[in-house]
Amino acid sequence: AQKVTQAQTEISVVEKEDVTLDCVYETRDTTYYLFWYKQPPSGELVFLIRRNSFDEQNEISGRYSWNFQKSTSSFNFTITASQVVDSAVYFCALTIWAPSGSARQLTFGSGTQLTVLP
Amino acid sequence: DGGITQSPKYLFRKEGQNVTLSCEQNLNHDAMYWYRQDPGQGLRLIYYSQIVNDFQKGDIAEGYSVSREKKESFPLTVTSAQKNPTAFYLCASSTREWNTIYFGEGSWLTVV
């Protein structure tokens with residue numbers, strides 16, 4: 001069985017501060033995919049990034065960056081120079097590899113509520 | 001624009017009633033999913049469907065039913081057997097090859 005742990009329930013920062021959201025996962029499978037989703041107050045889950053287990057390169061996209069480390073089973077997410085619009089719940093999720101044509105089942109963490117204060 | 005449409009956004013149900021939540025996608029995705037989210041918690045899988053006329057139970061299927069008569073549509077019925085139905089329900093879809101799941105805007109169900 002898979003498990004995703006987001007130990008930080010709530011984080012508050014002041015605008016322009018950097019913030020890192022932690023994600024630790026557990027799986028016995030060697031091929032898997034990790035995701036980050038953003039859930040603004042409107043409720044929709046917005047896809048941010050997907051990373052497969054064979055690609056440990058860190059990624060930067062604008063103010064967002066992700067640090068994937070298989071050695072510690074972590075996939076942390078950093079927002080640089082945070083903005084009020086970044087306020088949302090952020091979810092880390094995991095799915096194991098499945099043959100083409102099979103549905104993907106995501107295992108979610110419990111989420112981190114990020115509040116960016118002006 | 002392509003996307004996943006859920007309706008209604010807000011729904012109130014009396015105890016003992018069945019209600020159906022609609023989910024339609026025009027992304028030409030084969031797989032569709034229903035998740036439930038409770039306050040302060042992550043998402044839990046209710047049902048999923050890989051192809052038309054086929055679906056499987058997820059982790060919390062009891063008290064729910066689904067159908068998949070068309071590729072674009074995957075409605076969820078919350079039956080009176082679901083003892084604690086008040087929650088936020090999210091529909092999602094994915095392609096066969098792409099390992100990313102996209103979500104709709106969700107539906108809030110409240111039992112009154």
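Before reading on, note that the structure itself is shown above.
The rules behind each value
Residues numbered from 1 in each chain as written. Chains lettered and ligands numbered in written order. Predicted model: local features only at pLDDT ≥ 70, side-chain atom pairs only at ≥ 80, totals over all residues. Heavy atoms only, no water. Helix = DSSP H or I, 4+ residues; strand = E, 2+ residues; numbered from the N terminus. Buried < 20%, exposed > 50% of the residue type's maximum accessible area, 1.4 Å probe, protein only. Contact = heavy atoms within 4.5 Å. 1 Å grid on protein atoms, 1.4 Å probe; cavity = no way out; pocket = protein on both sides within 12 Å on 5 of 7 lines; lining within 4 Å. Points joined across faces, edges and corners; volume = space filled by probe spheres on them. Nonpolar A, V, L, I, M, F, W, Y, C, P; charged D, E, K, R; others polar. Core = buried A, V, L, I, M, F, W, Y, C linked by side-chain atoms within 4.5 Å. Phe/Tyr/Trp six-rings, centres within 6.5 Å; stacked < 30°, edge-to-face > 60°. Lys NZ or Arg CZ within 6 Å of the ring centre and 35° of its normal. Pairing = 2+ DSSP bridges. Axes fitted to C-alpha atoms, helices over the stretch in contact; angles between N-to-C directions. Buried area = accessible area lost by both parts, 1.4 Å probe. Salt bridge = Lys/Arg side-chain N within 4 Å of Asp/Glu carboxyl O. Polar contact = N/O pair within 3.5 Å; in protein donor to acceptor, adjacent residues only side chain to side chain.

1. Some thoughts on the side chain of A:S53
Residues and elements named next belong to chain A. You can see S53 is positioned in the loop between β6 (46–52) and β7 (59–61). Overall, the relative accessible area of 1% leaves S53 in the buried class. Not counting chain neighbours up to four residues away, the residues in contact with S53 comprise T30, T31, Y32, F68 and K70.

2. Remarks on the environment of B:W108
All names here are of chain B. Turning to its location among the elements, W108 is positioned in strand β11 (residues 107–111). On the basis of relative accessibility, which here comes to 37%, the residue W108 falls in the partly exposed class. Spatially, the C-alpha atom of W108 lies 20 Å from that of S67, the residues being 41 residues apart in sequence. Ignoring sequence-local partners within four residues, the contact set of W108 consists of K9, Y10, L11, A87 and F88.

3. Here we look at the layout of surface pockets
In this structure, the largest pocket spans a volume of roughly 380 Å³. Lining the largest pocket are 21 residues, and of these A:Q39, A:V89, A:Q113, B:Q37 and B:G40 lie nearest its centre. Looking at the lining of the largest pocket, the elements that each hand over two or more residues are β10 (88–96) and β12 (112–117) of chain A. Among the elements that make up the lining of the largest pocket, the one with the highest residue count is β10(A) (3 residues). Per-class residue counts for the lining of the largest pocket are 8 nonpolar, 11 polar and 2 charged.

4. As for the nonpolar core
Residues and elements named next belong to chain A. Counting 23 residues, the largest nonpolar core has W36, F75, F77, Y90 and L114 as the members making the most contacts within it. For this core, the elements supplying multiple residues, two or more each, are β2 (10–14), β3 (19–21), β5 (32–39), β8 (64–69), β9 (74–79), β10 and β12. With 4 residues, β10 is the single largest residue contributor to this core.

5. Description of the packing of aromatic side chains
Counting across every chain of the model gives 22 aromatic pairs over all chains. Arranged with centres 6.1 Å apart and planes meeting at 45 degrees, the rings of A:Y37 and A:F108 form a pair that is tilted. Taken as a pair, A:Y37 in strand β5 and A:F108 in strand β11 (residues 107–108) lie far apart in primary sequence, 71 residues in all. What makes A:Y37 buried here is its relative accessible area of 0%. The interplanar angle of 85 degrees and the centroid separation of 5.3 Å between the aromatic rings of A:Y37 and B:F103 together place this pair among those described as edge-to-face. Placement of the pair is A:Y37 in strand β5 and B:F103 in strand β10 (residues 102–103), with the two residues belonging to separate chains. A residue is classified by how much of its surface remains accessible, and B:F103, at 4% relative accessible area, is buried. Taken together through their ring pairs, the aromatic side chains of A:F35, A:Y37, A:F47, A:F91, A:F108, B:Y33, B:Y35, B:Y102 and B:F103 make up a single cluster. A cation over a ring is seen here: B:R68 above B:F74, with NZ or CZ 6.0 Å from the ring centre.

6. As for the sheet that holds strand β1 (residues 4–7) of chain B
All names here are of chain B. Taken in spatial order, the 4 strands of this open sheet run β1-β3-β8-β7, and their pairing is antiparallel. The open sheet terminates on both sides in strands that have one partner only, identified here as β1 and β7 (64–66). Averaged over all pairs of adjacent strands, the angle between their axes in this sheet comes to 20 degrees, without regard to strand direction. One ladder, built from 3 bridges, connects β7 with strand β8 (residues 76–78); its direction is antiparallel. Residue pairing in the sheet places S65 in a bridge with T77 of β8.

7. With respect to the interface of chain B and chain A
Contact with chain B, which involves 24 residues of that partner, is made by 21 residues of chain A. When chain B packs against chain A, the two sides together hide about 2000 Å² of surface, and 52% of this comes from carbon and sulfur. On the surface where chain B and chain A come into contact, there are 0 salt bridges. The interface formed by chain B and chain A includes 4 residue pairs in polar contact (both at pLDDT 80 or more). For the side of chain B that touches chain A, the secondary-structure elements that each account for two or more residues are β4 (31–37), β5 (43–49), β9 (87–94) and β10 of chain B. The element that contributes the greatest number of residues to the side of chain B that touches chain A is β4(B), accounting for 4 residues. Taken together, the residues of the side of chain B that touches chain A sort by class into 12 nonpolar, 8 polar and 4 charged.

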